[in-house]
Amino acid sequence: MSVRKLTGMLFLVNGLQFLLGAAILLGLLTDIVEYSEMLLDLSVCIVLLSSLLSMAGLMSVVRYQDRSYRESMENLEHLNIRLREQRHDYLNQIQIVYGLLELNAFDEAKEYLNPVFRDIMKVNQALRTSEPAVNALLQAKLEEAERQGIRFCLEVGTQLERLPVEPWEFCKILANLIDNAVAAAGQNEKEKWVRLRMEETPAQYRIVVVNNGPEITEYQQKLIFTRGYTTKKGEGHGMGLAIVASVLKEAGGEIFVNSSPQETSFAFTLPKQKKVRKRLRDAVSS
């Protein structure tokens, strides 16, 4: 059961509890003892039901947060391992380049450095925000897209220092939109690409995820944020964009879709928090 449904049920049960309490008080004031005792028994049952629903709601929230935290920590661990491997690898490559330069093999050294430089730039692009969890997610998605033969371009123009949501919630939004974009781009028979642009204004953040996959029709655009609706085959789909829309709505953000036969973009905005968020520093050790 979703947290939204549990919240609605709790609101209803507590409303009934209030009405019963008022009825009991009225019965006591009018000396209708039997009537009051019956309502009192019913009220106790509703209190117990309310307690059960509260516990179920808390368990659902804890499970959701725990799953999100685990995903963030796994991404951070992956990024940490990746950075350590690359540092060791780069030291070896520098030794090779130094040896080529010692032999005056300048052209060979330049040719050898080209792929190394491209790899360094990819890591540099994914490490531009102040949120370690976001950096880890971007690095993981870059490598995943590369494995699928999809060119992933990053344009990071913000540090994300005043996010109005928890980093793991922001990662949940990004992960859903990137995964959908990668899946859509993968359907293109020719060149496959995804672009992610992150920017800010004095009042808000604006993030745009673009892909060159199939067009999303106007009819589909009206339904894609509905829980359970999906264009993907198989079970387990149809929840991602609904979650994205829900998190953004609660944070005061908005999301927009624009699609054509050439490209599809999902753009969302988030208002900035007044104060800079307290971050977990040194999450990725050197």
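For the structure itself, look to the data block above.
What counts, and where the lines are drawn
Residues numbered from 1 in each chain as written. Predicted model: local features only at pLDDT ≥ 70, side-chain atom pairs only at ≥ 80, totals over all residues. Heavy atoms only, no water. Helix = DSSP H or I, 4+ residues; strand = E, 2+ residues; numbered from the N terminus. Buried < 20%, exposed > 50% of the residue type's maximum accessible area, 1.4 Å probe, protein only. Contact = heavy atoms within 4.5 Å. Areas by Shrake-Rupley, 256 points an atom, 1.4 Å probe, with all protein chains shown as cover. Core = buried A, V, L, I, M, F, W, Y, C linked by side-chain atoms within 4.5 Å. Phe/Tyr/Trp six-rings, centres within 6.5 Å; stacked < 30°, edge-to-face > 60°. Lys NZ or Arg CZ within 6 Å of the ring centre and 35° of its normal. Pairing = 2+ DSSP bridges. Axes fitted to C-alpha atoms, helices over the stretch in contact; angles between N-to-C directions. Polar contact = N/O pair within 3.5 Å; in protein donor to acceptor, adjacent residues only side chain to side chain. Expected span 1.5 Å × (residues − 1). Left-handed = near helix turned anticlockwise from the far one by under 90°. Nonpolar A, V, L, I, M, F, W, Y, C, P; charged D, E, K, R; others polar. Salt bridge = Lys/Arg side-chain N within 4 Å of Asp/Glu carboxyl O.

**Focus: the overall build of the protein chain**
Each helix and strand counted, the protein chain has seven helices and five strands in total. Listing every helix and strand of the protein chain by position from the N terminus yields α-α-α-α-β-α-β-β-α-α-β-β. Put simply, the protein chain has 286 residues, and 37% of those count as buried. The contacts in the protein chain between residues at least 6 apart in sequence include a share of 69% that link residues at least 24 apart. Surface summary for the protein chain: the accessible area is close to 17900 Å², and the carbon and sulfur share equals 58%.

**Here we look at the nonpolar core**
One finds Phe-170, Leu-174, Leu-196, Met-198, Ile-207 and Phe-268 to be the most contacted residues of the largest nonpolar core, which totals 41 residues. Secondary structure elements with two or more residues in this core: helix H4 (132-147), strand S1 (151-156), helix H5 (167-185), strand S2 (193-200), strand S3 (204-211), helix H7 (240-250), strand S4 (254-259) and strand S5 (264-271). In terms of residues, this core owes the most to one element, H5, which gives 10 residues. Beyond its immediate chain neighbours, meaning those up to four positions away, Met-198 contacts Thr-129, Val-134, Leu-138, Glu-155, Val-156, Gly-157, Thr-158, Leu-160, Phe-170, Arg-206 and Ile-207.

**Considering the packing of aromatic side chains**
Throughout the structure, instances matching the rule amount to two aromatic pairs. Note on Phe-225 and Phe-266: the rings are 6.4 Å apart at their centroids and 75 degrees apart in plane angle, and the pair reads as edge-to-face. With a gap of 41 residues between them, Phe-225 in the loop between helix H6 (218-221) and H7 and Phe-266 in strand S5 connect regions that are remote in the sequence. A relative accessible area of 8% places Phe-266 in the buried class. The ring of Tyr-205 has Lys-272 sitting right over it, with the charged end atom 5.4 Å from the ring centre.

**Quick look at the pairing of S5**
Burial of S5 is extensive: seven of the eight residues sit out of reach of the surface. Of the pairings in the sheet, the one linking S3 to S5 comprises eight bridges and is antiparallel in character. Opposite Val-210, over in S5, you have Ser-265 as the bridge partner. The hairpin formed by S4 and S5 contains four residues between the paired strands.

**Points about the sheet that holds S5**
With mixed pairing, the five strands of this open sheet are ordered in space as S1-S2-S3-S5-S4. Because the sheet does not close on itself, it has two edges, and the strands there are S1 and S4. Strand-to-strand twist in this sheet, taken as the mean axis angle between neighbours without regard to direction, amounts to 10 degrees. The sheet contact formed by S1 and S2 spans six bridges and is parallel.

**Remarks on the side chain of Glu-143**
Tracing the backbone shows Glu-143 in helix H4. Within the structure, the side chain of Glu-143 is placed 2.8 Å from the side chain of Gln-139, a separation counted as a polar contact.

**Topic: H5**
Taking 1.5 Å per residue, 19 residues should reach 27 Å; H5 reaches 26 Å between its end C-alpha atoms and fits that length. Of all 19 residues in H5, 16 are buried, a share of seventy percent or more.

**Let's talk about unusual backbone geometry**
Among all residues save glycine, negative phi is the norm, and among peptide bonds the norm is trans. Backbone geometry places Asn-104, a non-glycine residue, at a positive phi of 60 degrees. Its location among the elements puts Asn-104 in the loop between helix H2 (33-102) and helix H3 (106-125).

**A look at H4**
Compared with an ideal rise of 1.5 Å per residue, which puts 16 residues at 22 Å, H4 spans 23 Å between its outermost C-alpha atoms and is within 8% of the ideal. When you tally the buried positions in H4, you get 13 out of 16 residues, the bulk of the element.

**Examining the packing of H5 against H7**
Their axes nearest at 9 Å, the elements H5 and H7 cross at an angle of 145 degrees. The handedness of the crossing between H5 and H7 is left-handed. Listed contacts from H7 to Glu-169, Lys-172, Ile-173, Asn-176, Leu-177 and Asn-180 of H5 are Gly-240, Leu-241, Ile-243, Val-244, Val-247 and Leu-248. Looking at the contact of H5 with H7 residue by residue, the classes come out as seven nonpolar, three polar and two charged.

**What about the pattern of salt bridges?**
In total, this model carries seven salt bridges according to the counting rule given. Overlapping salt bridges, with partners in common, bring together Lys-141, Glu-144 and Asp-179 in one network.

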